[in-house]
Amino acid sequence: MNDIRYSAPHTIDEAVGALLAAKGTGRILAGGTDLLVQMKAGMALPGAIIDVKNIVEMSAIEDKGGGAFRVGAAVSGARIGEHAALKKAWPGVVEAINLIGSKQIQGRASPGGNLCNASPAADSVPALIAAGAIVAVHGPNGRREVAVEKIQIGPGKTSLQPGEIVVSFSLPARPAGSSDAYLRLIPRTEMDIAVVGCGVSLTMKDGVCTAARVGLGAVAPTVMLVEAAGAALVGSKLDAEALEKAAAACRAVCKPINDKRGTIVYRTKIAGVLLKRVAAIAAERAGGR
Amino acid sequence: MAKTHVTTTINGEPTEFLCDASQTMLDVLRDQLGLTGSKEGCGSGDCGACSIMLDDRLICSCLMLAVEAEGKKVETIEGMAHGEQLHPLQKKFVEFAALQCGICTPGFLVASKALLAKNPNPTETEVRFWLAGNLCRCTGYDKIVRAVMEVAAEMRETAR
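Residues numbered from 1 in each chain as written. Chains lettered and ligands numbered in written order. Predicted model: local features only at pLDDT ≥ 70, side-chain atom pairs only at ≥ 80, totals over all residues.

## Things to note about the sheet that holds strand E1 (residues 4–10) of chain B
Residues and elements named next belong to chain B.
Alright, step 1. With mixed pairing, five strands are arranged side by side in an open sheet as E2-E1-E5-E3-E4. Two strands close off the open sheet at either side, each with one partner strand: strand E2 (13–19) and strand E4 (57–60). Averaged over neighbouring strand pairs, the angle between their axes works out to 40 degrees when direction is ignored.
Alright, step 2. One ladder, built from four bridges, connects strand E3 (residues 51–54) with E4; its direction is antiparallel. Bridged to Leu 54 within E4 is Arg 57. (Pairing = 2+ DSSP bridges. Helix = DSSP H or I, 4+ residues; strand = E, 2+ residues; numbered from the N terminus. Axes fitted to C-alpha atoms, helices over the stretch in contact; angles between N-to-C directions.)

What follows is the structure in structure tokens.
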């Protein structure tokens, strides 16, 4: 772990410049709760570490009104959990981010880091996908916006190009009667890696679901948007038949691994079970049941 | 490679040190500054024995680079007692025998103090969840949890 160049720039362009200058050996530091562990294990040997927490845009939570928020990619889980308006507008996104690790980890870990670490079991990502979050990515060619589900492309791999940095997440305004929820299954009660994680964001009007998005984690090489599951809920009163159809859509996209945390059969079954529970919680919060 | 000069505040004292970019805050606290109260259990953020406060936020010092301390406020277990006067949590841990080998104790104390600063009236469940990032292989946690609950009650009584 020697000869690392550390910088903590104040602008995103400087950070992009430092990342490019490191010629592929640069790593972004937000909370460091994945990066430092990887460095200790010898899995990451960065030539440059670019600390992005001095960049205001990456460290701010902006309330844009009507339930729309812009959350800096480097904001800690603890700060997100303390933001009353954000928690009220997006309870599922906040509870998902707050499930990452212990209180100590929450003091540092960020949604940007959780996304870019690109674990299929990243807790915040299914909820952000369900929310329809748009990621602002800044790179050598300026700014682009991309749907959050397009960032992960495989375990530990992202679609970010050389020099690109995830700057922030935009959560859209939602109509009245909307809410969201996230649940994960773990073998313990706290602090473990998801066997399955499921996020649902939906809108209820007069007892009928008018919009729904489902994000599913830990059952494939990346966290996925399950469009068919959302579509199965829309137009229904979230009755048993609609929920089973959505659960079946979740099971259908599962391509999980067998490991000590769960078998393929178990993870696939649980994906459907979680979808039903999460949809019920989101609907309850939306006041629509 | 040139070392980085860091200016920070540790337990209220302005502090300067030189470090490599790869050194963790825990390494610098223990090996350079002689503040060995923070312990290294796992070195990967799982055990909480290295818990410190960084700008009033509970974190694992093993997962923080020392260079990140620049301009920040760091608080460690060494700042908890005032001279010979132990913090109420420290006294209660002794009274309740909420420790055996003691390796986890500094982390539990720092984390418990952070909890009570944020939530003076925690339920047992809240205490257990808050302290889930601190591992103890001796006590079975019960005495620790009861000590924290008891101190919370006493501090509320004092504040009335």
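## Structural notes on helix H8 (residues 124–131) of chain A
Residues and elements named next belong to chain A.
Alright, step 1. Among the eight residues that make up H8, eight are buried, leaving the element largely enclosed by the rest of the structure.
Alright, step 2. Turning to H8, its buried residues number three or more, namely Ser 124, Val 125, Pro 126, Ala 127, Leu 128, Ile 129, Ala 130 and Ala 131.
Alright, step 3. Phi for Gly 132, located one or two positions after H8, is positive at around 75 degrees. (Buried ≥ 20, exposed ≤ 12 C-beta atoms within 10 Å, placed from the backbone.)

## Here's the deal with the packing of helix H2 (residues 88–95) of chain B against helix H3 (residues 105–118) of chain B
Residue and element names in this part refer to chain B.
Alright, step 1. For the pair H2 and H3, interaxial distance at closest approach is 10 Å and the crossing angle is 130 degrees. Judged by the inter-axis angle, H2 sits oblique to H3. H3 is crossed by H2, and the crossing has right-handed handedness. On H3, the residues touching Leu 89, Gln 90 and Phe 93 of H2 are Thr 105, Leu 109, Ser 112 and Lys 113.
Alright, step 2. Partitioning the contact of H2 with H3 into residue classes produces three nonpolar, three polar and one charged. (Parallel < 35°, antiparallel > 145°, perpendicular 65-115°, else oblique. Left-handed = near helix turned anticlockwise from the far one by under 90°. Contact = placed C-beta atoms within 7 Å. Nonpolar A, V, L, I, M, F, W, Y, C, P; charged D, E, K, R; others polar.)

## Description of the nonpolar core
Residues and elements named next belong to chain A.
Alright, step 1. Val 214, Ala 246, Leu 275 and Ala 279 are the most contacted members of the largest nonpolar core, which has 148 residues in total.
Alright, step 2. No other element matches helix H11 (residues 264–286), which puts nine residues into this core.
Alright, step 3. Setting aside residues no more than four positions away along its own chain, Ala 279 makes contact with Val 200, Leu 202, Leu 233, Leu 238, Leu 243 and Ala 246. (Core = buried A, V, L, I, M, F, W, Y, C linked by C-beta atoms within 7 Å.)

## A closer look at H3(B)
Alright, step 1. Its 14 residues give H3(B) an end-to-end C-alpha distance of 20 Å, which sits within 8% of 20 Å, the value for a rise of 1.5 Å per residue.
Alright, step 2. Across the 14 residues of H3(B), eleven count as buried, placing the element largely inside the fold.
Alright, step 3. Along its buried surface, H3(B) packs onto helix H6 (103–106) of chain A together with E3, E4, H2, helix H4 (124–130) and helix H5 (142–159) of chain B. (Expected span 1.5 Å × (residues − 1).)

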